[in-house]
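# Coordinate inspection notes
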Amino acid sequence: MANPIMEELKQKQDALRARFVGKQLSEVPTPSVVLDLKQVMVNCERMLEAAENLGLQWRAHIKTHKTTELTRLQVGNHLTIPVLLIVSTILEAENITPLLKEYQSKDRHVNVLFSFPLFASAVPRLAAVSSQLGPDGLSVMIDHVDQLPYVKAIHTSSGHPPRVFIKIDVNYGRAGVKTDSPEYPALVDVLLAAEREGWLVLHGLYTHAGQSYGARRLGDAMHALHAEFINAHIAAMKIREKSPDHAPLVLSVGATPTATTIQSPWFTGECDVPTANSKGSMRPIEEELKELWGGWQKEGYVLEIHAGVYPTLDLQQVATHARHIGLLSEEDIGISVVAEVASVYPTRGQNSKPEALINAGSLALGREPVSLDKKTSNNEETAKPYTGWGALMPWGVLAGTEEKDRSGKILGERFPNDFRGWQVGKISQEHGILTWVGDEGKKAPELKVGDRVRVWPNHACIMGAGFEYYLIVDSNCRGQEDKVRDVWCRWNGW
């Protein structure tokens with residue numbers, strides 16, 4: 001039987017493809033959000049290869065893009081590798097279920113984790129997802145004993161015991177239970193009792209080091225990854241103390257800054273310079289992590305990495321310097337917003353610098369900052385911090401005019417504490433005000449009414465919420481980099 005929701009989505013997508021495929025970015029309405037197929041494919045392949053090379057299980061979060069097409073890229077084509085997903089909304093779970101059933105038909109194991117601590121109104125819809133996917137198809141997140149009745153209700157309705165991850169708070173303070181709190185052992189006791197009764201499976205521990213978004217030096221994010229694993233292992237050992245013969249537990253850790261550090265060239269032998277040394281020693285942190293991983297795998301733990309925004313990246317991610325600059329720079333960002341210059345103000349800005357108005361404001365770009373590195377002195381006269389809500393990429397009228405640092409990158413090794421270029425310096429609902437950041441005496445590249453620009457967003461997850469679809473281009477197609485190749489529809493809502 002055809003799924004009416006999927007049929008409606010297909011009809012919408014077919015109409016959008018007929019409207020846009022073959023057009024140039026100079027011909028599409030603005031603001032529009034654009035994905036570069038080449039770059040998102042590279043970013044996805046890097047994660048799959050890194051996890052496989054290190055013997056780590058991979059779980060892809062799809063909350064950033066909310067599309068079937070990009071989910072396919074995140075999980076790859078190897079039939080022996082399980083399709084493990086994370087969603088932040090039930091709508092994502094419902095819309096990705098047909099793809100998961102397609103993979104099941106090819107004998108590929110699937111599981112989708114609803115990553116928000118379970119609440120009552122989620123039960124009927126998650127039970128329906130569980131019914132469609134069958135045994136072991138659904139995982140849920142728990143961080144409080146009072147959520148357990150909702151897990152039991154899903155089992156009662158679907159007939160399948162959900163897999164349960166305990167959300168561990170690793171000092172981020174958003175969600176999760178702390179392992180040194182009295183609530184943690186009490187929660188474990190209740191979960192183990194429920195598992196013995198047969199209406200859930202205690203599957204593992206889940207951490208999210210969201211504070212790693214504030215990393216500003218090479219090595220910071222990998223130290224955060226190390227801390228995530230340590231916290232997850234401590235939590236798992238406390239479960240084993242209570243249930244020594246428990247089935248292997250999954251230690252699932254990650255945020256894009258921490259998870260992508262496993263791409264370090266040290267791990268593959270391509271580079272003998274480590275990302276950083278372990279704290280308190282001169283030992284490479286990569287070496288210590290590999291030793292920990294090997295020991296824990298021998299103890300029977302399954303080690304899992306998860307991340308979400310890594311396919312598209314954004315300015316927040318570049319600012320973390322989580323990887324060597326050859327693996328993380330503005331060239332790796334796969335998402336941008338096309339906007340039009342609606343007006344110009346040649347001397348309105350600070351010190352009579354120019355400003356320009358674009359038709360992309362907070363609804364098109366989001367309103368999340370890129371925080372500066374407070375540990376680094378900004379007293380250098382040459383330092384000019386990035387304080388924008390987006391930055392213009394070198395494209396169209398600005399192609400070839402970008403300022404580069406000695407590394408050959410626009411957003412160099414000191415970004416965001418040092419930046420040169422056009423930024424979205426002020427923002428309101430529909431208005432974006434471009435302001436120029438440059439050295440005294442250096443004239444800003446001229447913008448004129450009618451020019452089109454592309455903006456790198458600060459945070460791709462938030463920015464995407466204002467759009468119903470992505471226009472797909474492919475920078476691999478030399479001379480046709482701006483040609484729309486496809487349209488991917490998003491699942492907006494909850």
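Residues numbered from 1 in each chain as written. Predicted model: local features only at pLDDT ≥ 70, side-chain atom pairs only at ≥ 80, totals over all residues. Heavy atoms only, no water.

For the chain, an unreviewed UniProt entry supplies the name Serine dehydratase domain-containing protein and the organism Neurospora hispaniola. Under the UniProt heading Sequence similarities (unreviewed entry), the note attached to the chain is "Belongs to the DSD1 family." (UniProt positions renumbered as here; feature names shortened; annotations may be inferred.)

## Observations regarding the overall build of the chain
If you tally the helices and strands in the chain, you get 14 helices and 17 strands. Its C-alpha atoms give the chain a radius of gyration of 23 Å, near enough to 23 Å, the size a compact globule of 494 residues would have. Structurally, the chain occupies a C-alpha span of about 70 × 60 × 40 Å along its principal axes. Here the chain, with 494 residues, has 55% of them falling under the buried criterion. Pairs at least 24 apart in sequence give 76% of the contacts found in the chain among residues at least 6 apart. Accessible area of the chain: about 20800 Å², with a carbon and sulfur share of 52%. When the 52 positive and 59 negative side-chain charges of the chain are each reduced to one mean point, those points stand 3 Å apart. (Helix = DSSP H or I, 4+ residues; strand = E, 2+ residues; numbered from the N terminus. Rg over C-alpha atoms; globule rule 2.2 N^0.38 Å. Buried < 20%, exposed > 50% of the residue type's maximum accessible area, 1.4 Å probe, protein only. Contact = heavy atoms within 4.5 Å. Areas by Shrake-Rupley, 256 points an atom, 1.4 Å probe, with all protein chains shown as cover. Lys, Arg positive; Asp, Glu negative; His and termini not counted. Charge placed at Lys NZ, Arg CZ, Asp CG, Glu CD.)

## Here's the deal with the packing of helix α8 (residues 220-242) against helix α11 (residues 285-298)
With their axes 11 Å apart at the nearest point, α8 and α11 run at an angle of 20° to one another. By the angle class used here, α8 and α11 are roughly parallel. Crossing hand, α8 versus α11: left-handed. Every residue of α11 that contacts α8 at M222, H223, L225, H226, F229, I230 and H233 is listed here: I285, E286, E288, L289, L292, W293 and W296. For the contact of α8 with α11, a count of residues per class yields nine nonpolar, three polar and two charged. (Axes fitted to C-alpha atoms, helices over the stretch in contact; angles between N-to-C directions. Parallel < 35°, antiparallel > 145°, perpendicular 65-115°, else oblique. Left-handed = near helix turned anticlockwise from the far one by under 90°. Nonpolar A, V, L, I, M, F, W, Y, C, P; charged D, E, K, R; others polar.)

## Re the side chain of H246
Tracing the chain through its elements places H246 in the loop between α8 and β8 (250-253). Of note is the side chain of H246, whose polar atom sits 2.7 Å from the side chain of E195. Sequence-distant contacts of H246, that is, excluding residues within four places in its chain, are made with L192, E195 and L202. (Polar contact = N/O pair within 3.5 Å; in protein donor to acceptor, adjacent residues only side chain to side chain.)

## Thoughts on the sheet that holds strand β4 (residues 110-117)
Taken in spatial order, the eight strands of this closed barrel run β2-β3-β4-β5-β6-β7-β8-β9, and their pairing is parallel. Averaged over all adjacent pairs, the angle separating strand axes in this sheet is 25°, with direction ignored. Pairing of strand β6 (residues 163-168) with strand β7 (residues 201-207), which is carried by six bridges, proceeds in the parallel orientation. Looking at the pairing, I168 lines up with T207 of β7. Against the sheet, helix α6 (residues 148-158) makes contact with β5 (138-142) and β6, and its axis sits at roughly 165° relative to β5, the strand it touches most. (Pairing = 2+ DSSP bridges.)

## A word on the pairing of β8
In β8, alternate side chains face the same way, and those of V250 and S252 on one face and L251 and V253 on the other are all buried. Taken together, the three bridges between β7 and β8 define a ladder with parallel strand orientation. Its bridge partner being in β8, Y206 is matched across the sheet by S252. Following the backbone out of β7, through α8 and into the adjacent parallel β8, one traces a crossover that is right-handed. (Right-handed = clockwise from strand over helix to strand, strands pointing away.)

## Concerning the environment of L292
Looking at the element boundaries, L292 is found in helix α11. Considering only alpha carbons, one finds L292 and I230, 62 residues apart in sequence, at a separation of 9.0 Å. Residue contacts for L292: discarding those within four places in its chain leaves H226 and I230.

## Describing the pairing of strand β11 (residues 355-358)
What you see with β11 is no split at all: E355 and L357 on one side and A356 and I358 on the other are buried throughout. By the bridge criterion, four bridges tie strand β10 (residues 335-345) to β11 in an arrangement that is antiparallel. For V344, the partnering residue across the bridge sits in β11 and is A356.

## Structural notes on the packing of aromatic side chains
Taken as a whole and judged by the stated rule, the model has 13 aromatic pairs. Aromatic pair F229 and W296: ring centres 6.2 Å apart, planes at 40°, arrangement tilted. Taken together, the residues F229 in helix α8 and W296 in helix α11 connect sequence positions 67 residues apart. A relative accessible area of 1% places F229 in the buried class. Its relative accessible area of 5% is what places W296 among the buried residues. Chaining the aromatic ring pairs together yields one cluster made of F229, W266, F267, W293 and W296. The ring of Y103 carries the charged tip of R108 above its face, separated from the ring centre by 5.0 Å. Above the face of the Y301 ring, R240 is positioned so that its terminal group lies 4.1 Å from the ring centre. (Phe/Tyr/Trp six-rings, centres within 6.5 Å; stacked < 30°, edge-to-face > 60°. Lys NZ or Arg CZ within 6 Å of the ring centre and 35° of its normal.)

## Considerations on unusual backbone geometry
Glycine aside, the phi torsion of most residues is negative, and most peptide linkages are trans. Of note, the bond from T30 into P31 is cis; its omega dihedral lies within 30 degrees of zero at 0°. In this structure, P31 sits in the loop between α1 (4-20) and β1 (32-36). In the Ramachandran plot, D107 falls in the positive-phi region, its phi being about 60° despite a non-glycine side chain. Inspection of the secondary structure puts D107 in the loop between α4 (90-105) and β4. Of note in this structure, N351 is not a glycine but carries a positive phi near 55°. Tracing the backbone shows N351 in the loop between β10 and β11.

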